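The residues making up each chain are set out below.
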Amino acid sequence: MDKPDITSRIQTLGRFSITIDGKPAATVWPDETLKLFFCSLLSPLDLYFTWDRICRSMWDAPLTPSIKRRLKEKILHPLGMFLSEELGCNPLIVGPESIRIDQQRVHIDAHEFYRTVLEGLQLSSLVDHSAAREKFNEANILYTGSYLPGIPGKITENARHDLETMYRTTVMDAMTLSRNSGHSPRNHLVRTFVALP
């Protein structure tokens, strides 16, 4: 089966914006809560978000049937409609246990940054210094600023902190070590972030 063409791009590093074929989209959100919820799902540190985690993040309350129903009615349904109108598709995948973004439909820069860093760490652990250096240089270019600056929320703030730490302690350290010694970082950097949640 052919991979669908990704025309929607979501920038999260340095600023938040959505474009379709290079043109701005979703510039005006119907509700700030919908925007904050959507931004929570963009974190590259999680493959999916459980219903309970979303409820605790949004309302500081554990999952109950009534809260799950409220989440579906007040957030997921209107957000799905809004995204369908703005992007031409609804990239939310809602399952019985979790919610996630369909990355076959959208490109998220923070995910590309995260994957690139992990690839650099893997290459470094395999002692492929030249290829690792390339990946860390790529990651340095991709990291155009803080993750979703100004967007509140526990999930977003945790991701912002972890990505900034990854950038400073892995990418920047790797580039410094590479410049100083001609080698990529040692295994202590690999251990630092390969086990991120």
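Residues numbered from 1 in each chain as written. Predicted model: local features only at pLDDT ≥ 70, side-chain atom pairs only at ≥ 80, totals over all residues. Heavy atoms only, no water.

### A word on the pairing of strand β6 (residues 98–101)
Put simply, side chains in a regular strand alternate between the two faces of the sheet.
And then number 1: Judged from the two bridges that link them, strand β4 (residues 49–50) and β6 form a sheet pairing that is antiparallel. Considered in β6, the bridge of Phe49 is made with Ile99.
And then number 2: Where strand β5 (residues 92–94) lies against β6, three bridges are found, and the strand directions are antiparallel. Within β6, the residue paired with Val94 across the bridge is Ile99. (Pairing = 2+ DSSP bridges. Helix = DSSP H or I, 4+ residues; strand = E, 2+ residues; numbered from the N terminus.)

### Observations concerning the sheet that holds strand β1 (residues 8–11)
Pairing between the strands of a sheet is mediated by backbone hydrogen bonds and can be parallel or antiparallel.
And then number 1: The sheet built from four strands is open, its strands ordered β3-β2-β1-β7 with mixed pairing. The strands lining the two open edges of the sheet, one partner per strand, are β3 (23–25) and β7 (106–108). In this sheet, neighbouring strand axes are inclined to one another by 30 degrees on average, regardless of whether the strands run parallel or antiparallel.
And then number 2: Direction of pairing for strand β2 (residues 17–20) relative to β3: antiparallel, over a ladder of three bridges. Counted as the bridge partner of Thr19 is Pro24 from β3.
And then number 3: Helix α3 (residues 65–87) contacts β1, β2, β3 and β7 of the sheet and is inclined by roughly 50 degrees relative to β2. (Axes fitted to C-alpha atoms, helices over the stretch in contact; angles between N-to-C directions. Contact = heavy atoms within 4.5 Å.)

### Concerning empty space enclosed by the protein
And then number 1: Counted according to the given criterion, the structure contains one cavity of 30 Å³ or more.
And then number 2: Here the largest cavity defines a volume of roughly 40 Å³.
And then number 3: Taken together, the residues of the lining of the largest cavity sort by class into four nonpolar, three polar and two charged. (1 Å grid on protein atoms, 1.4 Å probe; cavity = no way out; pocket = protein on both sides within 12 Å on 5 of 7 lines; lining within 4 Å. Points joined across faces, edges and corners; volume = space filled by probe spheres on them. Nonpolar A, V, L, I, M, F, W, Y, C, P; charged D, E, K, R; others polar.)

### Things to note about the pattern of salt bridges
And then number 1: Here the structure, examined in full by the defined rule, presents seven salt bridges.
And then number 2: In this structure, the salt-bridge partner of Glu138 is Lys135, at a minimum N-O distance of 3.9 Å. Pair noted here: Glu138 and Lys135 are both in helix α5 (residues 129–142), with a separation of three residues, about one helical turn.
And then number 3: Judged by relative accessible area, which is 34%, Glu138 ranks as partly exposed.
And then number 4: The salt bridge partner of Arg168 is Glu164, with a shortest N-O separation of 3.1 Å. On the criterion of helical spacing, the pair formed by Arg168 and Glu164 is a turn pair, its members being four residues apart in helix α6 (residues 154–181).
And then number 5: With a relative accessible area of 52%, Arg168 lands in the exposed category.
And then number 6: By sharing partners, the salt bridges in this structure join Glu119, Lys135 and Glu138 into a single network. (Salt bridge = Lys/Arg side-chain N within 4 Å of Asp/Glu carboxyl O. Buried < 20%, exposed > 50% of the residue type's maximum accessible area, 1.4 Å probe, protein only.)

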